[in-house]
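# Structural overview for review
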Amino acid sequence: MSILRSLTQLFVVCCLSLPLLAHAQDTREEGPALLQALAEASSADKGDVISRIAKSGDERARDWLAAFADGKLSRIEDSGQFVIVLENRGRNWTVADALTGEPMGEVSRRELDTIRINNALRRELDSILSVIDLTVNNAERRLEAARALRGRVDAALSKRLAELLPDESDDRVRTVLQDALAIYRLEQGDITAVAPLSGSLNSEVRAALTSAARSDDPKLVAAANDALASIEQKLKFNRAAETLYFGLSLGSVLVLAAIGLAITFGVMGVINMAHGELIMLGAYTTWGMQQLLPGQPGLALVLSIPAGFLVSALAGVAIERSVIQFLKGRPLETLLATFGVSLILQQLVRTVISPLNRTVITPEWMSGSVMINEALSLTLNRLYVLGFALVVFAGLMLIMRKTRLGLEVRAVTQNRAMARSMGIKATRVDIMTFALGSGVAGLAGVALSQLTNVGPNLGQNYIIDSFMVVVFGGVGSLWGTLVAGLSLGTINQLLEPWAGAVLAKIVVLVFIILFIQKRPRGLFPQKGRAAEG
Amino acid sequence: MWLTRPLSERSTQLFLGILFIAMLLVTVLHVALPEGHALHVSAYTVTLLGKYLCYALLAVAVDLVWGYLGILSLGHGAFFALGGYAMGMYLMRQIGDRGVYGDPLLPDFMVFLNWDALPWYWQGFDMAWFAVIMVLLAPGLLALVFGFLAFRSRVTGVYLSIITQALTFALMLAFFRNEMGFGGNNGLTDFKDILGFNLRTDATRLGLFLATGVALAVGYIVCRAIVASKLGRVSIACRDAEARTRFLGYRVERVQLFVFVVSAMLAGVAGALYVPQVGIINPSEFSPLFSIEIVVWVALGGRATLYGAVIGAVLVNYAKTVFTGIMPDAWLFALGALFVLVTVFLPKGIAGLLPSLRRPKVGDDPAAPGPGHDPGYDPDHDPDQAADAQSPANREATV
Amino acid sequence: MSFISELSHRDRVFDFLTPTLSPVDVRHGPILYMDGVTVTFDGFRAINDLSLTIDDGELRCIIGPNGAGKTTMMDIITGKTRPDTGSVWFGSRHNLLTKSEPDIASLGIGRKFQKPTVFEALSIFENLELAMSADKRVFPSLTARMTGETIDRIEEVLTTVGLTRLRHRAAGILSHGQKQWLEIGMLLMQKPRLLLVDEPVAGMTEQEMERTAELLTSLAGKQSVVVVEHDMGFVRSIARTVTVLHQGSVLAEGTMDQVSNDPKVIEVYLGEGA
């Protein structure tokens with residue numbers, strides 16, 4: 001009991017004042033003595049020493065106790081020096097000085113004298129460690145510790161937690177601690193514990209409720225079942241949200257891949273079958289950037305955005321100047337010629353770089369996930385790509401609606417001869433438009449490099465989907481492309497659970513084929529008499 | 001009889017003559033000359049040539065819809081593959097209990113997947129006549145349903161190309177699935193015999209080669225008969241001015257549907273003859289790349305000529321054989337370059353370079369040089385003179 | 001008796017029971033009857049409550065400023081555009097709103113487009129052959145044979161439109177004016193009951209215009225002709241009755257003199273600076 005009280009005091013002091021640090025400095029010399037005592041105490045006395053260590057306020061105390069709990073706190077037989085074992089495989093173990101934390105390299109395990117621990121102590125230590133973690137200054141670490149406690153609370157710990165609770169400043173931590181206590185009370189058959197737990201998505205909570213639902217007390221059973229039903233409801237909602245997220249994520253990829261096509265195909269009427277390869281070039285630019293800037297994947301990725309745009313835009317202009325401009329007004333031939341270009345580009349990458357996939361590193365700030373609640377966490381890279389897609393879309397809308405280029409593009413699209421006679425250089429507009437559409441393909445490639453493998457076939461996998469999105473959305477309509485991409489992505493994800501990935505894709509393709517026959521001009525058709533071929 | 005009309009055409013006679021002589025030559029060189037003789041045509045070469053002829057028939061089918069109807073199908077590989085699968089299913093059933101697992105009824109891959117009964121759609125394929133019907137019916141039916149929906153909604157041009165590509169892509173994904181019951185990834189293979197003839201003997205191979213030649217000749221005549229009929233002219237009318245054709249009272253969608261279905265069936269026949277010669281059919285025949293490759297054969301040979309398609313198919317595939325033999329990496333470069341060069345520099349294909357066998361038709365060339373000055377109208381009333389004043393180069397400006 | 005049977009025809013509920021290609025019945029009224037037709041494109045009323053009747057054998061000119069709805073009106077009659085409201089009857093038997101373009105063409109309505117459209121890849125002879133009234137279904141077309149009679153008719157029309165010497169040349173080589181003539185020739189081959197002619201003399205010389213006027217007037221009587229034209233001189237030379245369209249409905253109708261003295265018409269034309 002005394003341990004707890006002192007710890008609580010310690011925590012309060014810890015939170016309040018710097019002098020404590022000074023205090024910790026002062027007590028530094030206490031360290032070796034405490035460890036000495038731990039090593040030499042009998043099993044019965046060790047508990048006492050542990051509480052002394054915990055009470056000491058030494059900032060290394062947690063590491064010592066954690067190492068002790070894992071059986072990794074050792075003493076070098078000859079020197080009597082205390083070490084923490086970092087790596088205990090093989091004959092020589094990697095160790096670090098327990099007092100200074102300095103790495104000491106490898107020490108033969110025969111020279112090490114591990115401080116013994118038994119199961120009773122270990123259990124006690126676990127609680128003590130949790131409680132120590134609950135008193136640190138960092139709210140995130142407290143939260144983590146609190147989460148770990150759920151379902152592991154015993155009588156003693158429950159009392160300590162109840163004492164800690166009023167002092168907890170962070171709401172999240174408090175909620176979790178309350179849950180942990182409620183689980184304990186539920187385990188004791190306390191029916192009032194059910195109410196605070198219903199609605200929690202934690203698996204420990206569910207486990208506790210499930211076992212409560214099997215208890216002998218009919219009232220408790222009923223209450224627990226109700227709570228479980230409401231949790232199940234919530235979980236269902238979360239699963240739907242997750243599907244939606246994956247759908248939107250897939251959709252954003254489709255939008256990115258197709259939006260450039262919506263410009264070249266939709267606005268200019270040019271069928272560019274090499275569009276997929278322009279995406280691939282963007283992805284390879286990211287890879288190349290990371291090769292140029294080793295160790296800085298984040299910076300390389302950010303730089304890849306303009307670089308990928310530029311590379312693909314230049315490639316696009318090269319295609320336009322060398323092939324497409326000679327095939328004006330002959331869409332089917334353009335389709336064939338650009339398909340040839342796509343074959344050449346693919347083979348070029350295979351020959352020059354490698355036929356194998358390249359790995360593009362995901363920078364730290366893009367890996368991991370955002371936890372919305374216990375049952376739903378969103379992977380960061382997909383979130384970024386989703387955001388990126390929306391930004392690219394908004395940018396394109398802005399260019400098409402608000403800039404001179406956009407105006408000229410729309411003018412040339414609607415009436416080439418008239419636009420020309422008004423002094424618009426149609427050829428220049430063609431080049432700019434094609435560069436824009438191709439550059440956006442490059443951006444798509446940069447984004448895709450964070451989600452899939454970068455290989456010569458990357459673009460090929462997206463070209464049919466991209467065309468489907470553009471046609472489904474209505475050729476010439478950027479909004480249509482956005483809506484079509486996001487909805488097709490979502491439909492695909494919705495179908496996947498019961499149809500499987502391949503069948504879902506087939507179903508979507510067949511759906512689009514049928515849809516186009518019903519509405520040949522897509523979701524958002526271009527209107528008016530001018531649209532009539 | 002409308003079907004025999006082409007036989008009186010000079011170009012058809014010439015084509016059939018050359019085909020006949022080529023087949024005769026191959027047969028004689030294969031049979032009469034001993035192996036090791038410099039001019040001996042090996043069984044391998046005979047089969048290779050048979051394969052080319054299958055491709056040629058496929059190209060003729062594509063030319064019929066692309067050249068004369070203006071429908072660029074990027075999914076003809078699907079019809080070819082369906083015909084091929086129909087034949088493959090027959091050949092599979094012919095294996096009987098000679099498979100690895102020795103099951104008298106089930107093909108090996110079904111035994112491997114632990115299936116205990118033959119799926120309903122495999123029934124009847126043990127009979128050759130049924131297989132032959134299915135070779136025509138399976139692609140024909142797909143073309144009928146797909147074409148009915150597409151043409152009724154007036155989906156043409158690039159849109160149609162894209163959805164035909166999606167169609168073959170979807171079919172490829174479907175046939176890759178083991179659950180479909182068509183052997184999944186590996187497809188159908190290990191065939192033993194056809195109509196009782198061992199597929200591994202030289203005589204059977206020669207027979208298949210000759211059968212393919214006959215099929216090509218018949219296919220060519222059928223296409224030529226359609227093209228030379230009034231329906232052929234209606235097709236060209238649909239290709240060039242769909243709306244106008246409709247206002248003349250023609251049901252454009254039915255014309256398109258008829259020609260499309262005929263073309264799909266021809267492609268199916270080509271696929272059916274292809275499978276016993278190469279010994280395997282798998283989902284890769286459905287790949288969009290293959291379908292689009294067929295189109296480039298036609299483009300190279302010269303579209304709207306039919307014989308051009310044959311020339312293109314044989315040339316490109318011969319080049320492919322040679323290239324992939326000596327430097328496989330270069331083939332895709334060459335193929336890609338071919339796509340670009342043919343469309344940009346050789347819009348009329350090789351046939352455009354050949355001395356014309358027919359009455360010259362200026363308008364056949366959809367790719368006249370760029371627009372010239374607007375000729376306006378000719379003040380002179382004499383129509384002959386007016387016509388002479390109009391060079392073909394200028395005509396696009398009035399379109 | 002015939003009156004009763006006629007009534008029973010009109011009141012038929014099931015449209016598909018009416019024979020599609022039965023002859024046009026003009027015993028009881030005009031050959032073309034449009035009533036209350038309205039078409040909206042994106043909120044813009046291209047045709048606004050248009051009512052118009054054309055009598056059998058009549059030659060009617062339709063004039064009006066740009067955007068008056070002349071071409072849209074032809075689109076509606078030929079089945080290219082479906083109106084939002086209103087009814088369009090061909091004779092007293094055929095409801096055109098339920099028929100497709102080929103059906104309407106087969107019923108006997110021929111149309112010449114504003115922009116001459118001929119089949120450029122086909123020869124002039126073949127263009128006329130395709131236009132000729134015949135069984136235009138797929139299989140009959142496949143097995144159709146050229147008879148002496150057919151050739152005679154084509155030759156006859158070739159002479160009429162003055163393209164005899166060019167008959168085996170591709171239509172693509174023709175000048176703009178010649179294409180207009182070829183298209184008129186195609187109309188003649190169709191033997192329609194009603195000809196819709198959109199700007200027939202654009203790009204024609206004086207002499208050609210004269211010949212066109214002659215041809216159109218000679219057709220009237222046997223066939224009904226509706227001419228949409230901008231060229232007032234040409235209209236004056238052929239018109240018996242003129243209809244002025246403005247903003248999608250009929251503004252005035254009468255002889256050329258009546259119409260050109262109508263204050264509303266003058267206002268529309270002068271007000272629009274035409």
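Model, not experiment: these values are computed from the prediction. (Residues numbered from 1 in each chain as written. Chains lettered and ligands numbered in written order. Predicted model: local features only at pLDDT ≥ 70, side-chain atom pairs only at ≥ 80, totals over all residues. Heavy atoms only, no water.)

## Concerning the overall build of chain A
The following threshold applies: Each helix is a run of DSSP H or I of at least 4 residues and each strand a run of E of at least 2, with the numbering of both proceeding from the N terminus. Only protein chains enter the area calculation, which uses a 1.4 Å probe; residues under 20% of their type maximum are buried, those over 50% are exposed, and those in between are partly exposed. The contact criterion used is simple: two residues touch if any of their non-hydrogen atoms lie within 4.5 Å. Residue exposure ignores everything except the shown protein chains as possible cover, and the areas themselves are Shrake-Rupley values with a 1.4 Å probe. The charged-residue count follows a simple rule in which Lys and Arg add positive charge and Asp and Glu add negative charge, with His and chain termini not counted at all. Here the site of a charge means atom NZ of a Lys, CZ of an Arg, CG of an Asp or CD of a Glu.
Counting its secondary structure elements, chain A contains 22 helices and seven strands. Overall, the C-alpha framework of chain A stretches about 95 × 60 × 40 Å when taken along its three principal axes. Going through the 533 residues of chain A one by one, you find that 50% of them count as buried. Taking all contacts inside chain A whose residues are at least 6 apart in sequence as the whole, residues at least 24 apart take part in 65%. Of the accessible surface of chain A, which amounts to about 24700 Å², a share of 57% is contributed by carbon and sulfur atoms. Averaging the coordinates of the 52 positive side-chain charges in chain A and doing the same for the 48 negative ones gives two points 14 Å apart.

## Some points on the overall build of chain B
Along chain B, the regular secondary structure elements total 14 helices and four strands. Burial analysis of chain B (399 residues in total) assigns 58% to the buried set. For chain B, the exposed surface amounts to about 15700 Å²; the carbon and sulfur share of it is 66%.

## Some points on helix α16 (residues 380–402) of chain A
For clarity, the threshold we go by: Helix span, expected: 1.5 Å multiplied by one less than the number of residues in the helix.
Look at α16(A): 32 Å from first C-alpha to last across 23 residues, which is about the 33 Å you get at 1.5 Å a residue. Among the residues of α16(A), those classed as buried are L380(A), N381(A), V385(A), L386(A), F388(A), A389(A), V392(A), F393(A), L396(A), M397(A) and M400(A).

## Some remarks on the nonpolar core
To keep things clear, this is the line we draw: Among buried residues, those of type Ala, Val, Leu, Ile, Met, Phe, Trp, Tyr and Cys that are joined through side-chain atoms within 4.5 Å constitute a nonpolar core.
Counting 276 residues, the largest nonpolar core has F265(A) and W297(B) as its most contacted members. Excluding residues that lie within four positions of it along the chain, W297(B) makes contacts with Y55(B), L58(B), A59(B), F290(B), G312(B), A313(B), V316(B) and N317(B). Core analysis: the second largest hydrophobic core is formed by 27 residues, L32(C), I54(C), L96(C) and L196(C) among them.

## Re the pairing of strand β1 (residues 32–41) of chain C
As a general feature of sheets, a regular strand has side chains that alternate between the two faces. Residues and elements named next belong to chain C. Basically, it comes down to this: Strand pairing requires that DSSP identify at least two bridges connecting the strands.
Where β1 and strand β2 (residues 44–54) come together, seven bridges link them in antiparallel fashion. Counterpart to Y33 in the pairing with β2 is T53. Linking β1 back to β2 in an antiparallel pair, the connection comprises two residues, with D42 at a positive phi of about 50°.

## Some thoughts on a nonpolar patch on the surface
Residues and elements named next belong to chain B. Selection rule: Patch membership requires over 30% relative accessible area and the absence of a salt bridge. Like charges are linked within 9 Å, and nonpolar side chains (Val, Leu, Ile, Met, Phe, Trp, Tyr) within 5 Å. Here a salt bridge means any side-chain nitrogen of Lys or Arg lying within 4 Å of a carboxyl oxygen belonging to Asp or Glu.
Where nonpolar side chains cluster on the molecular surface, the patch consists of F20, I21, L24 and V28 and spans about 410 Å² of accessible area. By secondary structure assignment, the location of I21 is in helix α1 (residues 10–31). I21 gets classed as exposed once you look at its relative accessible area, which sits at 55%.

## A short note on the sheet that holds strand β4 (residues 103–108) of chain A
Residues and elements named next belong to chain A. To keep things clear, this is the line we draw: All axes are obtained by fitting lines to C-alpha atoms, using only the stretch in contact for helices, and the reported angles, taken between N-to-C directions, cover 0 to 180 degrees.
Taken together, the five strands give an open sheet; going across it, the order is β4-β3-β2-β1-β5, and neighbouring strands pair in antiparallel fashion. Since the sheet does not close on itself, it has two edges, and those belong to β4 and β5 (112–114), each with one partner. Each neighbouring strand pair of the sheet contributes to a mean axis angle of 45°, computed without reference to strand direction. By the bridge criterion, four bridges tie strand β2 (residues 82–87) to strand β3 (residues 92–97) in an arrangement that is antiparallel. Each bridged residue has a counterpart across the sheet, and for I84 the counterpart in β3 is A96.

## Looking at the packing of helix α5 (residues 128–152) of chain B against helix α6 (residues 157–176) of chain B
All names here are of chain B. For clarity, the threshold we go by: Crossing handedness is read from the near helix: turned anticlockwise from the far helix by less than a right angle, it gives a left-handed crossing, and turned clockwise, a right-handed one. Lys, Arg, Asp and Glu make up the charged group, whereas Ala, Val, Leu, Ile, Met, Phe, Trp, Tyr, Cys and Pro make up the nonpolar group; the residues left over, Gly among them, are polar.
Their axes nearest at 12 Å, the elements α5 and α6 cross at an angle of 145°. Crossing angle aside, the handedness with which α5 passes α6 is right-handed. In this structure, α5 uses L142, F146, A150 and F151 to contact α6, whose residues at the interface are L160, I163, T164, L167 and L171. Along the lines of polarity and charge, the residues of the contact of α5 with α6 split into eight nonpolar, one polar and no charged.

## Concerning the sheet that holds strand β5 (residues 94–95) of chain C
Residues and elements named next belong to chain C. Read across the open sheet, the four strands follow the order β2-β1-β4-β5; overall the sheet is antiparallel. Edge positions in the sheet fall to β2 and β5, since each of these pairs with one other strand and no more. Sheet analysis places β1 next to strand β4 (residues 85–90), joined by five bridges and oriented antiparallel. When the bridges of β4 are listed, D35 appears paired with S87. Sitting on the sheet, helix α2 (residues 70–77) is in contact with β1, β2 and β4, with an inclination near 115° to β1.

## With respect to the packing of aromatic side chains
Residues and elements named next belong to chain B. Selection criterion: Only Phe, Tyr and Trp rings take part, Trp by its six-membered ring, and two of them pair if their centres are within 6.5 Å. Stacked means planes under 30 degrees apart, edge-to-face means over 60, and tilted covers everything else. Put simply, a charge is over a ring when the Lys NZ or the Arg CZ is close to the ring centre, within 6 Å, and near the line of the ring normal, within 35 degrees.
Considering all chains together, one arrives at 34 aromatic pairs over all chains under this definition. For the pair Y85 and F182, a centre-to-centre distance of 5.7 Å together with 70° between the ring planes defines the contact as edge-to-face. Note that Y85 is positioned in helix α3 (residues 76–95) and F182 in the loop between α6 and β1 (188–189), a separation of 97 residues in sequence. You'll find Y85 and F182 in the same group, each marked buried. Through pairs of rings, three or more aromatic residues link up here, namely Y85, W120, Y121, F175, F182 and F286. Across from the ring centre of W66, 4.3 Å away, lies the NZ or CZ of R303, which sits over that ring.

## Here's the deal with the pattern of salt bridges
Scanning all chains against the criterion turns up 32 salt bridges over all chains. Across the pair D430(A) and K328(A) runs a salt bridge whose closest N-O atoms are separated by 2.6 Å. Within this pair, whereas D430(A) is found in helix α19 (residues 426–448), its partner K328(A) is found in the loop between α14 (297–322) and α15 (331–352), the two being separated by 102 residues in sequence. Its salt-bridge partner being D193(B), residue R98(B) comes within 3.2 Å of it at the nearest N-O pair. Within this pair, whereas R98(B) is found in the loop between α3 and α4 (108–112), its partner D193(B) is found in strand β2 (residues 193–194), the two being separated by 95 residues in sequence. Judged by relative accessible area, which is 41%, R98(B) ranks as partly exposed. The exposure class assigned to D193(B) is buried, which follows from its relative accessible area of 13%. Each of E320(A), R321(A), K328(A) and D430(A) takes part in a single network of salt bridges with overlapping partners.

## Notes on the confidence of the model for chain A
Residues and elements named next belong to chain A. Where we set the bar: Per-residue confidence from the predictor is reported as pLDDT, a score between 0 and 100.
Residues with a pLDDT of 70 or more make up 92% of chain A, whose mean pLDDT is 81. Across residues 12–27, confidence stays below pLDDT 50; counting only partners more than four residues off in sequence or on other chains, it has eight contacts. Below a pLDDT of 50 lies the segment residues 528–533, which in the model reaches eight contacts outside its immediate sequence neighbourhood of four places, other chains included.

## Overview of α6(B)
For the α-helix, the turn length of 3.6 residues means that residues three or four positions removed from each other point alike. With 20 residues, α6(B) should reach 28 Å at 1.5 Å per residue; the first-to-last C-alpha distance of 29 Å fits that figure. Here α6(B) lies mainly inside the structure; 17 of its 20 residues are buried.

## Here we look at unusual backbone geometry
All names here are of chain B. Look at R154: it is not a glycine, yet its phi comes out positive at around 60°. Among the structural elements, R154 can be located in the loop between α5 and α6. Here R154 falls in the partly exposed class, since its relative accessible area comes to 40%. Despite not being glycine, L306 shows a phi value in the positive range, around 70°.

## What about a negative patch on the surface?
Taken together, the side chains of E77(A), D78(A), E111(A) and D113(A) present a region of like negative charge at the surface. Mapped onto the elements of the fold, D113(A) is located in strand β5.

## Points about the side chain of T204(B)
All names here are of chain B. Let me state the cut-off plainly: What qualifies as a polar contact is a pair of N or O atoms within 3.5 Å, subject to a donor-acceptor requirement within protein and to the restriction that residues adjacent in sequence count only when both atoms come from side chains.
Turning to its location among the elements, T204 is positioned in helix α7 (residues 202–228). Of the residues examined, T204 reaches a relative accessible area of 10% and is grouped as buried. A distance of 2.6 Å separates polar atoms of two side chains, one belonging to T204 and the other to T201.

## What about the environment of V469(A)?
All names here are of chain A. Structurally, the position occupied by V469 is in helix α20 (residues 460–473). When the C-alpha atoms of V469 and D190 are compared, they prove to be 56 Å apart, with 279 residues separating the residues in sequence. For V469, the contacting residues outside a window of four places in its chain are L254, A258, T481, A484, G485 and L488.

## Topic: the environment of A237(B)
You can see A237(B) is positioned in helix α8 (residues 230–240). For the pair A237(B) and V252(B), spaced 15 residues apart in sequence, the C-alpha to C-alpha distance is 9.2 Å.

## Section: the packing of helix α2 (residues 43–69) of chain B against helix α10 (residues 252–278) of chain B
Filter applied, for reference: Angles are sorted into four bins: roughly parallel if under 35 degrees, roughly antiparallel if over 145, roughly perpendicular if 65 to 115, and oblique for all others.
In the contact formed by α2(B) and α10(B), the axes pass within 9 Å of each other and the chain directions differ by 170°. Viewed along their axes, α2(B) and α10(B) adopt a mutual orientation that is roughly antiparallel.

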